[in-house]
Amino acid sequence: MKNRKLFILLALSIVSKWSNAQTVISLKPEAEIPMKEFSLLVSVPTTYSNELAKAVSPEWEKTIARWQKEGVYVYSYAFPGEGYIIKGAKKQVRKGVVVANNTRVVSNIILRAEDFQSALKYAAYCPILKHGGVVEVREVPTRSRFPVEQ
């Protein structure tokens with residue numbers, strides 16, 4: 001009888017510890033804040049040269065390293081060359097870029113931030129701003145609305 005009570009107490013102790021461990025593992029940190037993704041559409045003046053782009057490149061490398069250190073950088077890509085424009089009901093195609101206010105879009109940067117204010121703070125680090133560039137910040141819709149392949 002004494003051994004049976006001891007066994008039951010030991011079993012309950014093990015189950016209780018295992019159950020508590022499972023609970024601790026599944027809890028999220030209280031300070032965790034959901035992050036959203038933001039797109040930084042980078043535009044340069046139409047007069048922006050390849051030489052200037054090369055000169056500004058080290059500034060971009062430092063900026064991206066800073067974003068990576070802060071854990072907000074997702075990815076980026078540049079498209080400095082010309083593309084194709086399809087226009088109108090007749091779907092006319094021509095080689096070129098869309099120019100607005102004497103600027104053209106040359107890259108896209110995806111960052112994570114808590115809200116628009118934080119995203120704007122990160123966007124203000126863009127070195128292109130010192131060279132007449134423009135950065136448009138937009139929130140990226142959540143991807144959970146689309147089917148995800150596994």
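No experiment lies behind these values; they were computed from the predicted model shown.

How each quantity is defined
- Residues numbered from 1 in each chain as written.
- Predicted model: local features only at pLDDT ≥ 70, side-chain atom pairs only at ≥ 80, totals over all residues.
- Heavy atoms only, no water.
- Core = buried A, V, L, I, M, F, W, Y, C linked by side-chain atoms within 4.5 Å.
- Buried < 20%, exposed > 50% of the residue type's maximum accessible area, 1.4 Å probe, protein only.
- Helix = DSSP H or I, 4+ residues; strand = E, 2+ residues; numbered from the N terminus.
- Contact = heavy atoms within 4.5 Å.
- Phe/Tyr/Trp six-rings, centres within 6.5 Å; stacked < 30°, edge-to-face > 60°.

Asks: Which residues make up the nonpolar core, and what values go with them?
Replies: One finds L40, W60, W67, I109, L111, I128 and V135 to be the most contacted residues of the largest nonpolar core, which totals 21 residues. Put simply, the parts of the chain that give this core at least two residues each are β1 (36–45), α2 (50–70), β5 (103–113), α3 (116–123) and β6 (134–139). Discounting chain neighbours no more than four positions away, the residues touching I109 are F38, S39, L40, V42, W60, W67, Y73, Y75 and S76.

Asks: Which residues make up the packing of aromatic side chains, and what values do they have?
Replies: Evaluated as defined, the whole model comprises 4 aromatic pairs. When the ring of Y75 is compared with that of Y77, the centres are 6.2 Å apart and the planes differ by 20°; the resulting orientation is stacked. Residue Y75 is classed as partly exposed on the basis of its relative accessible area of 40%. Taken together, a centroid distance of 5.6 Å and an interplanar angle of 45° make the contact between Y77 and F79 tilted. Overall, Y77 belongs to the partly exposed group, its relative accessible area being 38%. The class of F79 is partly exposed, set by a relative accessible area of 34%. Chaining the aromatic ring pairs together yields one cluster made of Y75, Y77 and F79.

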